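Working through the structure, step by step
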Amino acid sequence: MQDTLNRVWGLVKKEFLQLGRDKLLLGFILVAPLLELMLMGGITGGGVQNLPLAVVDLDRSRASRELFAKLDQTDELLIKAYSDSVAQAQEWMQSGRVSAIVVAPPGYGEGLLDPHASAEIHVIADGSSYVVSSAAIGAAESVAAEIVQDIAVRYGVAGGEAVELRFTARFNSALDGQPGAITMMLGLIVYQVTLVIASQSFTRERELGTLEQLRVTPLGRLELMIGKAIPTLLVGLVNCLLMTGVAVAWFDIPVRGSLLLLMLLTIPFILTQIGWGTLISLISRTQQQAMLSVFALAMLEIACSGFLSPASSLPEAMRLLSYFSSVQHYIKILRGVALRGAGLGALWLPALALAGIALSVTALAWLRLRLGLGTDLLKQRLQIWRHIYRRERRRRTGSRTRKLNAQKPQPAYVDVRVKE
Amino acid sequence: MSILVKEYRHIIREPRTLWMVFLSPAFVLVALSTIFASGRSCINLALWDKDHTSLSRQFAATLSSDDDFSVSYVSGYGEVESLLMRQNIGAAVIIPPGFADKVQSSDAAPVQVILDGVDTFVAGQAAGSLLGHAADFGLALSRPLSRPPLPLQIRSRSAYLSGEAERESMIPALIPIVFSLPVMAAALALARERETGSLESLVATPVRGPEYLGGKLIAYVTTALVGLLPVWLETTLLFGVPFRGNPLLLALLTADFLLASVGMALFIGNLARSQQTATVIALFIFFVPGFFLTGMIEPIDTTNLLGSAISYALPSTHFVTICRAVFLKGANLVKMWRPSSALLILSIIWMGLGTLTFKKRVR
């Protein structure tokens, strides 16, 4: 036991030495997450503001000018251009100069004043960005509702609604987008840092040829895995703690629940990434492949994490897949503990899921490690099995197949590769 | 030239690398696209009916009449609170006692709504559809109210979209981020030569720095460009996104985008001493900002100076605009002169930086 500890400690020390030697890497691992969180936190979650709007006034009445002034005053829209023709405004939209067009057709003002007629306005929004077009249409609709209300009051026909909804927003009374965005960023940044460090661990040693040296040391496979995991785990935890500090001090994000619980539940999250990273680094032959696999995996996880659209709106297959996404569960925990002040009692489901994922991914990595450190080992075995299977089949079937098989080149048993 | 051949060989020798540089954009695009397939989402709603009258039940029925909400019935604040804590519901509706009386007399009957404020997107969606349902309920009652015809009608449409709005507008915008895969591969290729020491052998050859970098650049840009074909086929045929622009123009601008991004990647590869460092830097630049700073989801906030400066320095930002314009708007080069010239300038800047920082010497 003492020996094991000593050996693992030695490996951990070596990993940290390696990490400390590259100042740029160290800076990027420790400082870049904080900078990125500050930058992204300041930008995202603000919602849509000041979309450039083109107005086409074909009515030229007081009412139409009032309408445009009201549109200009909304948060979402800002008048950028006036035009006399719809076609010209559409040209502008095609070139991206404006995001929405509001047209007051001739007779708008009269229609509005005449109690027996009705007026009309046209709104064209740039559908090439869905968020933009729905925000622009929503803003125009609320302005229209306001005008209708004004007229109703003026004529004394304002009828009460049957139901009056009284909204309160729990956990975030001002419905500020920032806390949600920052917790999401925090989770994603911890995710990317730990996954990248873990994914390079074995591939790097293999590519530089130092893996063979490690194999001749008395380090066992499990010790190797633990020794490789500890530095990543520590880096991830430190990152998470520092970023939580930034979120609290810089962005005034509350941590309503227990910080200790949050850190404890961060451990299985990081362990999952270490498991995935180790698995990828064992499968990949070069670091380039490892990095591409990491990026592909990260995209999948992001797709499942429910940040682009809520998890409940995913198609069935993706929803099933999303239960295996550690990011999704971790974001739930992060938001639960920090913003809702939830305890383990409310979060047992995602916590359990996270622990389960961490365990199974680590087990997978361990199994892959047991198969051997050479990447070609699996392939070789497959080829041997395939060869045995073919021989069996050849023995059983007639000569026709034998003839055909004779023409085929025999599979190579050993993949001979010259190291460059 | 021989450098170019060598780079191609590097890419092709490993089937896995070839697959990843050439096909991974198409593969990742499928994964990312499926999440936009379903469109409308269903919000879980807790309903607590304290009134227990036929009118309050009618109101509850209105809420569950379509796919906007999946309603579960609760009784008690404790239950609402614990459902909110467990993040099982997006909103809770509480109908107070005396609801029916108030509706029948012509007062407005108050109904309490508790939104989960953490995810503001879901909260906004829930509030909007609840308001709509409440208005429907009022109309269905057809109260004896002198409601004149609406004096103002608003006709709105989203231009350029035909079918599923969200999907059609998002999928072209995802193309830049899926192409960051081959771009990042280029950054690693450069760092790899330095780490494994094969750069030292290159020092001994008469190959000059710019030639060497040019070979790398062209190899990765062309391989990735070939990967545009499966991406394009997939977008138009599999996902049915309309393509209204010129395919050649798209290819040309994609090449420009790749030149700028690979130039940026070479710059990263020069800074990094090891592949690990290159990966970390590349991920910090391409991954989170690639999603959040490029205007893919929300438009760029121009009031934040630092943020928009970084946004415009990323080639992806301009390429998002271009992809959307070419696919959906059918814009030509004149219409897109702004993003395309920005891309051209960026590609010159990043390639220049990449060449300047490259030092062909042994450390």
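Rules used throughout
- Residues numbered from 1 in each chain as written.
- Chains lettered and ligands numbered in written order.
- Predicted model: local features only at pLDDT ≥ 70, side-chain atom pairs only at ≥ 80, totals over all residues.
- Heavy atoms only, no water.
- Domains from an automatic or database assignment.
- Patch = residues over 30% accessible without salt bridge, like charges linked within 9 Å, V, L, I, M, F, W, Y side chains within 5 Å.
- Areas by Shrake-Rupley, 256 points an atom, 1.4 Å probe, with all protein chains shown as cover.
- Salt bridge = Lys/Arg side-chain N within 4 Å of Asp/Glu carboxyl O.
- Helix = DSSP H or I, 4+ residues; strand = E, 2+ residues; numbered from the N terminus.
- Contact = heavy atoms within 4.5 Å.
- Buried area = accessible area lost by both parts, 1.4 Å probe.
- Core = buried A, V, L, I, M, F, W, Y, C linked by side-chain atoms within 4.5 Å.
- Buried < 20%, exposed > 50% of the residue type's maximum accessible area, 1.4 Å probe, protein only.
- Expected span 1.5 Å × (residues − 1).

For an interface, size is often stated in terms of accessible area lost upon the parts coming together. Here chain A is described as being made up of domain 1 (51-170) and domain 2 (178-378). A separation of 47 Å is found between the C-alpha centroids of domain 1 of chain A and domain 2 of chain A.

What follows deals with a nonpolar patch on the surface. Residues and elements named next belong to chain A. On the surface, a cluster of nonpolar side chains totalling about 390 Å² of accessible area is made up of Phe 16, Leu 222, Ile 226, Ile 230 and Leu 234. Among the elements that make up the nonpolar patch, the one with the highest residue count is helix α10 (residues 221-251) (4 residues). With respect to the helices and strands, the residue Ile 226 is situated in helix α10.

Below, the discussion takes up the interface of chain A and chain B. Taken together, the contact between chain A and chain B spans 117 residues of the former and 115 residues of the latter. Roughly 10800 Å² of surface becomes buried between chain A and chain B when both sides are summed, with 64% attributable to carbon and sulfur atoms. For chain A, the biggest contributors to the area lost against chain B are Gln 94, Gln 288 and Phe 295 of chain A; these three give 7% of the whole. As a salt-bridge pair, Asp 126 of chain A and Lys 329 of chain B come within 3.1 Å of each other at their nearest N and O atoms.

What follows is about the environment of Ala 123 of chain B. Its location among the elements puts Ala 123 of chain B in helix α7 (residues 120-141). Separated by 32 residues in the primary sequence, Ala 123 of chain B and Ala 91 of chain B place their C-alpha atoms 7.4 Å from one another. Look past the residues within four positions of Ala 123 of chain B in its chain and what remains in contact with it is Leu 175 of chain A together with Leu 115 and Asp 116 of chain B.

This part is about the nonpolar core. Formed by 172 residues in total, the largest nonpolar core has its most connected members in Ile 101 of chain A together with Leu 32, Phe 179, Tyr 212 and Phe 291 of chain B. Residues lining this core come from more than one domain, with at least three contributed by each of domain 1 (51-170) and domain 2 (178-378) of chain A. Setting aside chain neighbours within four positions, we find Ile 101 of chain A in contact with Leu 53, Ala 54, Val 56, Ala 89, Gln 90, Met 93, His 122, Val 123 and Ile 124 of chain A. Core analysis: the second largest hydrophobic core is formed by 31 residues, Val 55, Tyr 108, Ala 136 and Ile 151 of chain A among them.

Residues and elements named next belong to chain B. Here helix α9 (residues 180-196) contains 17 residues, and its C-alpha end-to-end distance of 24 Å stays within 8% of the 24 Å for a straight helix at 1.5 Å per residue. Burial within α9 is extensive, with 16 of its 17 residues counted as buried. Just beyond α9, the residue with positive phi is Gly 197, at close to 90 degrees.

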